Amino acid sequence: MSSVSRSGPVYSPVLGPNGAGKTTTLRMLLGLERPTSGQATIWGSRYAELGDQRHKVGALLEASGFHPGRTVRDHLRVRCAAAGLPRSRAGIVLEATGMAALADRRAGNLSLGERQRLGLAGALLGDPEVLILDEPGNGLDPAGVSWLRGFLRQLAAEGRTVLVSSHMLAEVAQTADEVIIIEGGRLISHAPVKQLLSGAREVVAVRTPQAAALREALEAEGASVQVIAADRLEIRGATIEQVATLAAARRLPVFEISTQAGSLEEAFLRVTSAAGRP
């Protein structure tokens, strides 16, 4: 069962390997796909049963559906008319998404990133309480990704629920409140980001001219060692004190040593790998 309820402001990315069912899950919530079992609900009801509340759900599944000869402003005004919304909403969402300067440009002349922003503007027309977005960062340049990060956090801070499918784990780690991980169409984890990261092992980074010898000694003690460069190692399964003590005991010089917090990528791979075991 997939559901979105009134649990307060939250920014929740949906993560999973390719083909895991991320887009299908979002489509089920919007009534565009029929679940083989169970049900997908928003506020306890199927999307088709929301009635007047449907305009309180904004969605962006793909940046398409634009008439290439229609201007950005007119595209949004047409959508306002179709949804029974005031025309003034078009100008409001253009400002909010940084598209005001492109209001008179024809949609057919927009870049992929600009089309993504226009799609997001369309999703915001009804001033929704719930936003359902499928890979909204696709096509955005680094500045656009940074803008999107802050914008989604702002929307969640305003009291909205933001449900996003994403493969940008570094962005998710910086911005999300909680993470939903699916695999093979099944929910395998739904937890706060901090909880997932707490399960990721700390990494010890070392720079030493005797990397091969230190690696051999660490692996003999059961640590997992990854060679990053000829003189750099990343170690899991040993504390910084244990690594330093072992290097000193073997008289191996260490020029740099530090710890790095476990990453969301590591936590994601751990959870999905565990789910795939018989």
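Structure shown above.
Residues numbered from 1 in each chain as written. Predicted model: local features only at pLDDT ≥ 70, side-chain atom pairs only at ≥ 80, totals over all residues. Heavy atoms only, no water.

> Can you lay out the sheet that holds strand S4 (residues 57–60) for me, pointing to particular residues and giving the numbers?
Paired through their backbone hydrogen bonds, the strands of a sheet run either parallel or antiparallel. Across the sheet, which stays open at both edges, the six strands sit in the order S4-S5-S6-S2-S7-S8 with mixed pairing between neighbours. Across the chains shown, the open sheet's two edge strands, defined by having one partner strand only, are S4 and strand S8 (186–192). In this sheet, adjacent strand axes meet at a mean angle of 15° when their direction is disregarded. Here five bridges tie strand S2 (residues 10–15) to strand S6 (residues 161–165), and the two strands are oriented parallel to one another. Paired with Val-14 across the two strands is Ser-165, which belongs to S6. Docked against the sheet, helix H1 (residues 22–29) engages S2, strand S5 (130–134), S6 and strand S7 (178–183), running at close to 145° with respect to S5. (Pairing = 2+ DSSP bridges. Helix = DSSP H or I, 4+ residues; strand = E, 2+ residues; numbered from the N terminus. Axes fitted to C-alpha atoms, helices over the stretch in contact; angles between N-to-C directions. Contact = heavy atoms within 4.5 Å.)

> Give a detailed account of helix H4 (residues 112–123), specifying residues and quantitative values.
Its twelve residues place the ends of H4 17 Å apart at the C-alpha level, agreeing with the 16 Å of an ideal helix rising 1.5 Å per residue. Most of H4 sits inside the fold, with ten of its twelve residues counted as buried. Within H4, the full set of buried residues consists of Gly-113, Glu-114, Gln-116, Arg-117, Leu-118, Gly-119, Leu-120, Ala-121, Gly-122 and Ala-123. Residues of H4 that are buried make contact with S4, helix H2 (72–83), helix H3 (88–96), S5 and helix H5 (142–157). (Expected span 1.5 Å × (residues − 1). Buried < 20%, exposed > 50% of the residue type's maximum accessible area, 1.4 Å probe, protein only.)

> Break down the pairing of S2 for me, citing the residues and quoting the values.
A large share of S2 lies buried, amounting to six of its six residues. What you see with S2 is no split at all: Val-10, Ser-12 and Val-14 on one side and Tyr-11, Pro-13 and Leu-15 on the other are buried throughout. Pairing geometry for S2 and S7, over two bridges, is parallel. By the bridge assignment, Val-14 is partnered in S7 with Ile-180.

> Describe the layout of surface pockets, listing the residues and the values that go with them.
Counted as a void, the second largest pocket has a volume near 510 Å³. Elements with a contribution of two residues or more to the lining of the second largest pocket: S4, H2 and H4. The residue makeup of the lining of the second largest pocket, split by class, is 13 nonpolar, eight polar and two charged. (1 Å grid on protein atoms, 1.4 Å probe; cavity = no way out; pocket = protein on both sides within 12 Å on 5 of 7 lines; lining within 4 Å. Points joined across faces, edges and corners; volume = space filled by probe spheres on them. Nonpolar A, V, L, I, M, F, W, Y, C, P; charged D, E, K, R; others polar.)

> Describe the nonpolar core, with residues and values.
Among soluble globular proteins, nonpolar side chains are generally buried collectively. Formed by 45 residues in total, the largest nonpolar core has its most connected members in Leu-15, Leu-76, Leu-133, Leu-152, Val-162, Val-179 and Leu-196. Sorting elements by how many residues they give to this core places H5 first, with six residues. The contacts of Leu-15, once residues within four sequence positions are left out, are Lys-22, Ser-166, Leu-169, Val-172, Val-179, Ile-180, Ile-181, Ile-182, Leu-264 and Phe-268. In this structure, Trp-43, Leu-50, Val-57 and Ile-182 belong to the second largest nonpolar core, which totals 17 residues. (Core = buried A, V, L, I, M, F, W, Y, C linked by side-chain atoms within 4.5 Å.)

> Describe the packing of H2 against H3, with residues and values.
Interhelical geometry of H2 versus H3 gives an angle of 130° and a closest axis separation of 8 Å. With respect to H3, the element H2 is oriented oblique. Seen from above, H2 lies across H3 with right-handed handedness. Of H3, the residues touching H2 (which contributes Val-72, Arg-73, Leu-76, Arg-77 and Cys-80) are Arg-89, Ala-90, Val-93 and Leu-94. (Parallel < 35°, antiparallel > 145°, perpendicular 65-115°, else oblique. Left-handed = near helix turned anticlockwise from the far one by under 90°.)

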